[in-house]
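Tertiary structure, described
In case you want the letters, here they are:
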There are 2 protein chains.
Amino acid sequence: MKQPLNVIKIGGAVIEDPEKQQAFLDGFVALKGPKILVHGGGRIATEIGERLGMEAIMVEGRRVTDDATVDLVTMVYGGLVNKQMTAKLQSLGVNAIGLTGADGSIIRSVKRPVTNGVDYGWVGDPVEVNADFLTKMIEAGGVPVIAPLTHDGAGHILNTNADTIAGTIALAMAEFFEVNLALTFELDGVLADVNDPESLINPFKESFFIEMKESGAIHSGMIPKLENSFKALHSGVKGVRICKYDQINSNHGSLLQI
Amino acid sequence: MKQPLNVIKIGGAVIEDPEKQQAFLDGFVALKGPKILVHGGGRIATEIGERLGMEAIMVEGRRVTDDATVDLVTMVYGGLVNKQMTAKLQSLGVNAIGLTGADGSIIRSVKRPVTNGVDYGWVGDPVEVNADFLTKMIEAGGVPVIAPLTHDGAGHILNTNADTIAGTIALAMAEFFEVNLALTFELDGVLADVNDPESLINPFKESFFIEMKESGAIHSGMIPKLENSFKALHSGVKGVRICKYDQINSNHGSLLQI
């Protein structure tokens, strides 16, 4: 029987609020057994970029990553956010190891080709996970804390969506572990009406997701997150839950069903 | 018999020159067997700090690390420099893992107390190395690439001298490996006259170092580097060499002797 493994993703908006971050970390510390943390950090990069005189260029909600921007996110995601969180987790008794996809070649990506005339720059879509190396680090007692950066195998860091990283890692680790994935954010889960917390959809069935997508009832930013999650469920991940950042030890939120 | 391990330190001035960095990395890639890279990066932090409107505050050649500065060096050393070098080494076939002292609690430090009225801020002096965890990473086929940052075990990142980190790691790993330490920089080694490359001191005896220190013949910045290195030799490190960045596979430079 495979050993359980929790893969937990936390978004940038929670990280930059000290109280919310603490509430999340307390829950993460309490989580028993092998675990992996994947974090975002977008807004902090935007703020530091502005202080450096850079303007965030967004196309359809995604950051265009030019030369200066990939340096910025490498500093902010891989340095500031990742190491501060690692040091905090260490102080809470978790043997955190802060990593990017380049470290131990945990995640190799391909640079996204120009699509419909849009060149996203140094943005990567994962193609290969070194699950063996991640497993060895977990067996050594480490808790990987992964920043949303990957590499292309040719010496470049690539900016990569944190939800995508969490889903990709969950899927690759399912070969060795019984993986549960939780994508956490500020809301209670997937809401039918984003302004009504009582409208939580649970369980959240794939058939319903397809209906919502077709009718345009779902926020465009949620679509890749959900597509990725259903793909993980189809490929051997045991459970995927979308929930509030302080609910990782509960069964609250939207449990996905295929 | 213990397996050999090379611990190599590279300074910030070499890192920021692309040609020199490449020459160093080519040598590092060619180095056989288990190895650890420790890097500096001071000048790059100063340059990015200036762009952020920060001024480097130096006291006796050491950076004073206030709240904003520790965030800056965490970004630059732990993020930009460390991850770019890791991605480059991966492209050259080395399974690099970029780390700080916080990761896997590889190096825990104490915040330096106020000395002679000088408060260096978030600066750390190492007290504990997790050699067991580093060894497991090496056994898993990884090549640690370590930024000059440590943590205090209470959730804070501390700015730590790269020579000190290299010496401290060499010493701690000497329990498990036959360790050779090379501190590399732009000069050929320790020079009696810094303007005369022919004045290389080799071997460099501890008794001579003590004489030079007493007569004031040695540059103040070299003193902690050398004290640290002789201490490592006294504590079980097999060899310590100070040499040029492109000479790590030769026996050129100043070989220390006790």
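Residues numbered from 1 in each chain as written. Chains lettered and ligands numbered in written order. Predicted model: local features only at pLDDT ≥ 70, side-chain atom pairs only at ≥ 80, totals over all residues. Heavy atoms only, no water.

Before going further, it helps to spend a moment on the side chain of Lys35(B). Residue and element names in this part refer to chain B. Looking at the secondary structure, you find Lys35 in strand 2 (residues 35-39). Salt bridges are absent for the buried Lys35, whose nearest opposite-charge side chain, Asp26, sits at 11 Å. A polar side-chain atom of Lys35 sits 2.7 Å from the main-chain carbonyl oxygen of Phe28. When neighbours within four sequence positions are excluded, Lys35 is seen to be in contact with Leu5, Asn6, Phe28, Val29, Val94, Val143 and Pro144. (Helix = DSSP H or I, 4+ residues; strand = E, 2+ residues; numbered from the N terminus. Buried < 20%, exposed > 50% of the residue type's maximum accessible area, 1.4 Å probe, protein only. Lys, Arg positive; Asp, Glu negative; His and termini not counted. Salt bridge = Lys/Arg side-chain N within 4 Å of Asp/Glu carboxyl O. Polar contact = N/O pair within 3.5 Å; in protein donor to acceptor, adjacent residues only side chain to side chain. Contact = heavy atoms within 4.5 Å.)

Our next topic: the sheet that holds strand 13 (residues 239-244) of chain B. Sheet strands pair by backbone hydrogen bonding; their relative direction is either parallel or antiparallel. All names here are of chain B. The sheet built from eight strands is open, its strands ordered 5-8-2-1-11-13-14-12 with mixed pairing. Edge positions in the sheet fall to strand 5 (96-99) and strand 12 (204-205), since each has one partner strand and no second. Across five bridges, strand 1 (residues 3-10) lies against strand 2 in parallel orientation. By the bridge assignment, Asn6 is partnered in strand 2 with Lys35. Sheet contacts for helix 5 (residues 131-139): strand 1, strand 2, strand 5, strand 8 (143-146) and strand 11 (177-185); angle to strand 8, the most-contacted strand, approximately 130°. The strands that helix 6 (residues 162-173) touches are strand 1, strand 2, strand 8 and strand 11; relative to strand 11, the one it contacts most, it runs at about 165°. (Pairing = 2+ DSSP bridges. Axes fitted to C-alpha atoms, helices over the stretch in contact; angles between N-to-C directions.)

Another point: the nonpolar core. Within soluble globular proteins, side chains that are nonpolar generally end up buried alongside one another. Counting residues in each nonpolar core, the largest one holds 86 residues, and the members touching the most others are Ile36(A), Met173(A), Phe204(A), Leu226(A), Met173(B), Phe204(B) and Leu226(B). Aside from chain neighbours lying at most four places away, what touches Leu226(A) is Val190(A), Phe204(A), Phe209(A), Ile218(A), Ile242(A) and Leu256(A). By size, the runner-up hydrophobic cluster in this structure holds 76 residues, among which are Leu52(A), Leu37(B), Val81(B) and Ala102(B). (Core = buried A, V, L, I, M, F, W, Y, C linked by side-chain atoms within 4.5 Å.)

Glancing now at the interface of chain B and chain A. Taken together, the 38 residues of chain B in the interface contact 38 residues of chain A. At the boundary of chain B with chain A, total buried surface from both sides reaches about 2,900 Å², with 68% on carbon and sulfur atoms. Together, Leu52(B), Met75(B) and Lys83(B) form the three largest contributors to the area buried by chain B at its contact with chain A, with a combined 19%. On the surface where chain B and chain A come into contact, there are two salt bridges. Taking the shortest distance from any N to any O, the salt bridge between Lys83(B) and Asp103(A) comes out at 2.9 Å. Where chain B meets chain A, there are ten residue pairs in polar contact (both at pLDDT 80 or more). Where the side of chain B that touches chain A is concerned, the elements lending two or more residues are helix 3 (42-51), helix 4 (67-91), strand 5 and helix 5 of chain B. If you tally residues by element for the side of chain B that touches chain A, the top one is helix 4 of chain B, at 14 residues. Residue composition of the side of chain B that touches chain A, grouped by class: 15 nonpolar, 17 polar and six charged. (Buried area = accessible area lost by both parts, 1.4 Å probe. Nonpolar A, V, L, I, M, F, W, Y, C, P; charged D, E, K, R; others polar.)

Another aspect to go through is the sheet that holds strand 13 (residues 239-244) of chain A. Residue and element names in this part refer to chain A. If you trace the eight strands from one edge of the open sheet to the other, you get 5-8-2-1-11-13-14-12, paired in mixed fashion. A strand with exactly one partner marks an edge of an open sheet, and here the two such strands are strand 5 (96-99) and strand 12 (204-205). The pairing of strand 11 (residues 177-185) with strand 13 spans six bridges and is classified as parallel. Pairing of Leu183 across the sheet is with Ile242, part of strand 13. Taken strand by strand, helix 5 (residues 131-139) contacts strand 1 (3-10), strand 2 (35-39), strand 5, strand 8 (143-146) and strand 11, and its axis lies near 130° from that of strand 8. Its contacts with the sheet place helix 8 (residues 222-234) against strand 1, strand 11, strand 12, strand 13 and strand 14 (254-257), and it is angled at close to 55° to strand 14.

In this section: the pattern of salt bridges. Any two side chains of opposite charge can pair, given that their charged atoms come close. All names here are of chain A. One pass over the structure, following the stated rule, counts 20 salt bridges over all chains. The salt bridge involving Lys225 is made with Asp163; its shortest N-O contact spans 3.4 Å. Here the residue Lys225 occupies a position in helix 8, and Asp163 occupies one in helix 6 (residues 162-173), the gap between them amounting to 62 residues. Relative accessible area serves as the criterion here: at 10%, Lys225 is assigned to the buried category. Between Lys238 and Glu178 there is a salt bridge, with the nearest N and O atoms lying 3.7 Å from each other. With Lys238 in the loop between helix 8 and strand 13 and Glu178 in strand 11, this pair connects stretches of sequence that are 60 residues apart. For Lys238, a relative accessible area of 54% puts it in the exposed group.

To continue, consider helix 8 (residues 222-234) of chain B. Compared with the 18 Å implied by 1.5 Å per residue over 13 residues, the 18 Å span of helix 8 of chain B between its first and last C-alpha is a close match. After helix 8 of chain B finishes, the residue Gly236(B) shows a positive phi value of roughly 110°. (Expected span 1.5 Å × (residues − 1).)

Attention now moves to the packing of aromatic side chains. Going through the model one piece at a time under the given rule, you end up with ten aromatic pairs over all chains. Taking 6.1 Å as the distance between ring centres and 80° as the angle between the ring planes, the aromatic pair formed by Phe204(B) and Phe208(B) counts as edge-to-face. You can call Phe204(B) buried: its relative accessible area is 0%. Its relative accessible area of 32% is what places Phe208(B) among the partly exposed residues. Between Phe204(B) and Phe209(B), the aromatic rings sit 6.2 Å apart at their centres with planes inclined by 55°, giving tilted as the arrangement. Take Phe209(B): its relative accessible area is 3%, and that puts it in the buried class. Three or more aromatic residues joined by ring pairs make a cluster, and in this case those are Phe204(A), Phe208(A), Phe209(A) and Phe230(A). When the ring centre of Trp122(A) is taken as origin, the NZ or CZ atom of Lys111(A), which lies over that ring, is 4.9 Å away. (Phe/Tyr/Trp six-rings, centres within 6.5 Å; stacked < 30°, edge-to-face > 60°. Lys NZ or Arg CZ within 6 Å of the ring centre and 35° of its normal.)

These results come straight from atomic positions and should not be treated as a statement about function.
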